[in-house]
Each structure stands twice: as C-alpha cells, then as structure tokens.
Amino acid sequence: MKLARGKRGQFVIIAVLLTAIMIVSIGALMHTAITYYKHEPWEEYSTLIGDIEVNSRRLLELSLVDYTNTVGQNETILIDNLEKWQNDLAYIYPSSGIVLKSDTSSGGLSRSWNQAASWSEAKADFTLDIKSIGLTGYKFAATISLNLNIKSVTTINSTHNEITAVIKSESGSPVSNLNKNNFRINDATATAVSPFYDLTDIIVYKIQYQGTLPATVEVWDQRGIRVVGSIAA
Amino acid sequence: MSMRNLKNTRGQMRVIETILAAFIIVAALSFVGIFAVSPTSPGFEVTDLEKMGYSALHDLDQQGLLASLVFNEKWGDLRTVLKITIPVDVYFNLTICNLSGSKLNGDTQIIYGDSATFSNAKNIASVSYSLLGVSKLNPSTGNYEASYDPRILVLQITRG
C-alpha cells in the first residue's frame, strides 16, 4: 500500500506537468492565431496618406502642364493650386483634421529651354499632419520633370534632317510612348518619328523633319508637359 | 479485497480527471476565441474591403485610366474597368461628386449588383478617393490645358 501510494503521487506530478505544458502550448498557439489576424488601425490611414501623396504629385503635374503650355508663363500657378488643395483637403476629409503644408523653396516651377539639353520641372516639399490619429510632421517630397537631350543631327538630303534625341521623365527612365504627334520642329509636325534601342540611354528617338538648321524642337509627353530644345546651325 | 476496491476507485478518478481536463481545454479555447479577430469578423471584413476598394481605385489611377474616365464622364467604361479590377464576388456602387457636393453622374448609376444588396448587406465599406484634374489637348491651339477641378469618388463595396 505504501508503494502504491508513492507511485500515485508521482503520476499526479507528471499529470500536472503535462497539463501545464499543454495549457502553455495552447496559449502560444492561440496568441499566434490572434496576432495573425490582428486588426491594425493604422492600415486604414495608410490609404488616406497614400491618396494625399498621389494627389500632391498630380497637382505638381497639372501646374507644370499649365506653366509649360501657356504663353507668358504663369509663375504663380503652382502656389495658387497648392493653396486651393490645402483648403479643399479639409472639405474632402472633414473629420480627419488634415493640415498639409507645402514648401516650394527647393524648386517650384522651373525650366531651362532652347538648348541641346533642355528641361521643365516642378518640385515641392510637403509636411502632413493628421490630428485624428496623432500624426504630425509626416514629410514627403514630389518632383515632376521632362528632359530633352538632343544628341546629334544628321543631314539626310538638301531638304530633310534627322535629329537623334533622348526624352526622360523625373524617374530617370526614358519616355517610351511618343509618336510624331508629340514632336514639333520649327512649328511643323515631324515627318517621321521612330524609337530605337540604345546601349546607354535605352530608348532614343530619331526624328525626321523637312527644314533647315538651326531648328527648334518641341516635345510633349502623354501627360501634356512641354519642353523646348534647339539645335544650332 | 481492499486492494481490488482501491484499484477500481483509481480508474474512476482518472476518467473524472480526463473529463475535467477536457472541460478546461474547451473553456480555455472558447475564452481565447472571444478576443480573436478572424477573417469572418466584421472588423476584419470592413478593413479588408476598404483596402481592396482603395487598391482598385489607386491602380486605375496609376494606369492613367481613372482621371480620364471621370473627367470625360464615361460612366459605362468606368463601371466596366471597376468590374474587371474588383473580384467577382464583391459588389460596388460608385458616386462621383464635386466640391460643392453635387452628384456628377446624375441618374446614371455606376453599380455592380442589385441596390438591395447594399441595403441588406451586413458589412459595407466606404472609400473616398479624390482626383484633382486632368490635362487635355486643345485641338485649336495644339497645346495642352490643365486646370484644378477636384472630383470626389465615393466607392461603397460589399461581398455578395
């Protein structure tokens, strides 16, 4: 009897240990399951921040289109549009307490035209506060640009010339979807435009036109941003 | 004789212990389950639908389709591209307004699914997305024009 009682005691200890291990294992397993599907409130606001960032870039794009296509360029269009956008944000997202501040001192609207390497650019820095979630000082920068680089001019015959040019966007990658309607040489549409692969610049455009040198080359990308370059005689 | 009785008692106790252990495990699982936010719970479902709706609008915007369709008022095409982008089992209702709150798509509903689906739905997510404008080619001048003219897109989505 003494021995039997002693053995029962050992079994009880083993049973308690096993139960404890089992409970801890189940707890760990359930914790993993809960945190895997945990509801993260910030995810709802990441979409809001994303929308504001995308639209701020779009605003620079619209302002640059206006700036580069209007005769007697409107230098204040970007600042005017930024003010409207900052005010309208409060209406679009009424309960979020959004304050968007912008700074164009890093560039604003600028251009360098009538050269072999010409460009149009819009640049601004933004600071975003969303009071409803306690977000302050979220910074992001936006740059939109179109660059034209005339690499060479070849005379085809007495009336026709061919320009080789590279057109790049703000990302540094070549703009690939242009056709002859996107180019104007000396105020006339180019006669033929063909993209070619280039080892250094990936895509170069060969633009044939009827006319003489010097020439003025105007380019619009699909967004409507314009840049004007020129070739000396 | 007394040993026999003792053995019998030990066997009954083990059965009772097993039943009690089973009750403890079931109770623990049920208790923890209360706090779990599973994919079928309303909180998870609405957040998931919001992300899906925003992603659909954002993708179409990045492809340059959304602004063009909204500002050129091509509501039928807009419905078609949304239908292609959003999964088949998700129904949507899109409303387009300007800053003064006027509904711009008028009587034309940009909807997939019956309107009763939205009135009877358990979980509906609502996503707001804004578009600031689009550049357009002016055929008479040959130049592009762009102006600040915001549109607010309100997308309601639910599962069927």
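Residues numbered from 1 in each chain as written. Chains lettered and ligands numbered in written order. Predicted model: local features only at pLDDT ≥ 70, side-chain atom pairs only at ≥ 80, totals over all residues.

1. Thoughts on the overall build of chain B
Basically, it comes down to this: Helical segments are the DSSP runs of H or I of at least four residues, strand segments are the runs of E of at least two, and each set is numbered from the N terminus. With C-beta atoms placed from the backbone, a residue counts as buried when 20 or more other C-beta atoms lie within 10 Å of its own, as exposed when 12 or fewer do, and as partly exposed for counts between those limits. Here, residue contact means that the backbone-derived C-beta atoms of the two residues sit within 7 Å.
A count of helical and extended segments in chain B gives five helices and six strands. Scanning chain B from its N terminus toward the C terminus, one meets helices and strands in the order α-α-α-α-β-β-α-β-β-β-β. Residues counted as buried form 22% of the 160 residues belonging to chain B. Long-range pairs, those at least 24 residues apart, make up 64% of the contacts in chain B with a sequence separation of at least 6.

2. A closer look at the overall build of chain A
As a reminder of what qualifies: What the globule rule says is 2.2 Å times the number of residues to the power 0.38, and the radius of gyration is computed from C-alpha atoms.
In terms of helices and strands, chain A carries three helices and ten strands. Tracing chain A from N to C terminus, the helices and strands come up as α-α-α-β-β-β-β-β-β-β-β-β-β. At 32 Å, chain A has a C-alpha radius of gyration far larger than the 17 Å of a compact globule built from 233 residues. Taken along the three principal axes of its C-alpha coordinates, chain A extends 120 × 45 × 25 Å. In chain A, which comprises 233 residues, the share counted as buried stands at 27%. Counting only contacts in chain A whose residues sit at least 6 apart along the sequence, the fraction spanning at least 24 positions is 55%.

3. Notes on the domain arrangement of chain B
A common way to state how big an interface is: give the accessible area lost once the parts meet. Quick reminder of the rule: Where each domain begins and ends follows an automated or database-derived domain assignment.
According to the domain assignment, chain B consists of domain 1 (1-36) and domain 2 (42-159). Inter-centroid distance (C-alpha atoms) of domain 1 of chain B to domain 2 of chain B is 59 Å.

4. A word on the sheet that holds strand 6 (residues 151-159) of chain B
Residue and element names in this part refer to chain B. Selection criterion: A pair of strands counts as paired when DSSP detects no fewer than two bridges linking them. Angles run from 0 to 180 degrees between N-to-C directions of axes, and those axes are lines fitted to C-alpha atoms, restricted for helices to the stretch in contact.
Reading across from one edge, 2-1-6-3 is the order of the four strands in this open sheet, with antiparallel pairing throughout. The open sheet has two free edges, formed respectively by strand 2 (110-112) and strand 3 (124-131), since each of these has just one partner strand. Here the average twist between neighbouring strands, direction ignored, is 15 degrees. Across three bridges, strand 1 (residues 90-97) lies against strand 2 in antiparallel orientation. Looking at the pairing, Asn93 lines up with Ile111 of strand 2. This element, helix 4 (residues 75-85), spans strand 1 and strand 2 of the sheet and lies at about 35 degrees to strand 2.

5. Side note on the nonpolar core
Grouped burial of nonpolar side chains is what soluble globular proteins tend to show. Just so we agree on the cut-off: A set of buried residues qualifies as a nonpolar core if it consists of Ala, Val, Leu, Ile, Met, Phe, Trp, Tyr and Cys joined through C-beta atoms within 7 Å.
Formed by 63 residues in total, the largest nonpolar core has its most connected members in Leu64, Ala165 and Ile207 of chain A together with Leu57 and Leu155 of chain B. Residues contacting Leu57 of chain B, with those up to four places away along its chain left out, are Leu66, Val127, Tyr129, Leu153 and Leu155 of chain B.

6. Some thoughts on the sheet that holds strand 10 (residues 226-231) of chain A
Residue and element names in this part refer to chain A. Judged by pairing direction, the sheet is antiparallel, and its four strands sit side by side in the order 6-5-9-10 without closing on themselves. Both outer strands of the open sheet, strand 6 (188-189) and strand 10, are each paired with one neighbouring strand and no more. The pairing of strand 5 (residues 183-185) with strand 6 spans two bridges and is antiparallel. Counterpart to Arg184 in the pairing with strand 6 is Thr189.

7. Details of unusual backbone geometry
Here Leu213 of chain A and Pro214 of chain A are connected by a cis peptide whose omega angle stands at -5 degrees. Relative to the assigned elements, Pro214 of chain A resides in the loop between strand 8 (202-210) and strand 9 (215-220). The backbone of Asn114 of chain A shows a phi angle near 60 degrees, a positive value even though the residue is not glycine. In this fold, Asn114 of chain A is placed in the loop between strand 1 (98-112) and strand 2 (117-130). According to the C-beta neighbour criterion, Asn114 of chain A is exposed, with 11 such atoms within 10 Å. Although it is not a glycine, Glu73 of chain B adopts a positive phi angle of roughly 55 degrees. Looking at the element boundaries, Glu73 of chain B is found in the loop between helix 3 (66-71) and helix 4.

8. Quick word on the environment of Ile19 of chain B
As for its position among the elements, Ile19 of chain B is in helix 1 (residues 2-35). As a C-alpha pair, Ile19 of chain B and Gly113 of chain B span 94 residues in sequence and 51 Å in three-dimensional space.

9. Observations concerning the confidence of the model for chain A
Note the cut-off: A residue's pLDDT is simply how confident the predictor is in it, with values from 0 to 100.
Here chain A averages 87 in pLDDT, while 92% of its residues score no lower than 70. The least confident element of chain A, judged by mean pLDDT, is helix 1 (residues 2-36) of chain A at 74; the most confident is strand 2 of chain A at 95.

10. So, the environment of Arg111 of chain A
Residue and element names in this part refer to chain A. Within the secondary structure layout, Arg111 lies in strand 1. Judged by the 19 C-beta atoms lying within 10 Å of it, Arg111 is partly exposed. The spatial distance from the C-alpha of Arg111 to the C-alpha of Glu121 is 6.0 Å, given a sequence separation of ten residues. When near neighbours in sequence (up to four residues on either side) are disregarded, Arg111 contacts Thr68, Trp119, Ser120 and Glu121.

11. Quick look at the confidence of the model for chain B
All names here are of chain B. Considering every residue of chain B, the mean pLDDT works out to 84; 88% of them sit at 70 or more. Looking at the elements of chain B, mean pLDDT is at its lowest for helix 1, recorded as 73, and at its highest for helix 4, recorded as 94. Prediction confidence for the complex, expressed as pTM and ipTM, is 0.77 and 0.71 respectively.

12. Brief notes about the environment of Val153 of chain A
Relative to the assigned elements, Val153 of chain A resides in strand 3 (residues 135-155). For Val153 of chain A and Ala165 of chain A, which are twelve residues apart along the polypeptide, the C-alpha to C-alpha distance reads 9.0 Å.

13. Details of helix 3 (residues 77-92) of chain A
Put simply, the rule reads: The length a helix should cover is 1.5 Å for every residue beyond the first.
Between its first and last C-alpha, helix 3 of chain A extends 22 Å over 16 residues, near the 22 Å set by a 1.5 Å rise per residue. Listed in full, the buried residues belonging to helix 3 of chain A are Ile77, Leu78, Asn81, Leu82, Trp85, Leu89 and Ile92 of chain A.

14. Some thoughts on the pairing of strand 7 (residues 192-198) of chain A
All names here are of chain A. Here seven bridges tie strand 7 to strand 8, and the two strands are oriented antiparallel to one another. Note that in strand 8 the partner of Pro195 across the bridge is Tyr205. Between strand 7 and strand 8, which pair antiparallel one after the other, the connecting turn spans three residues.

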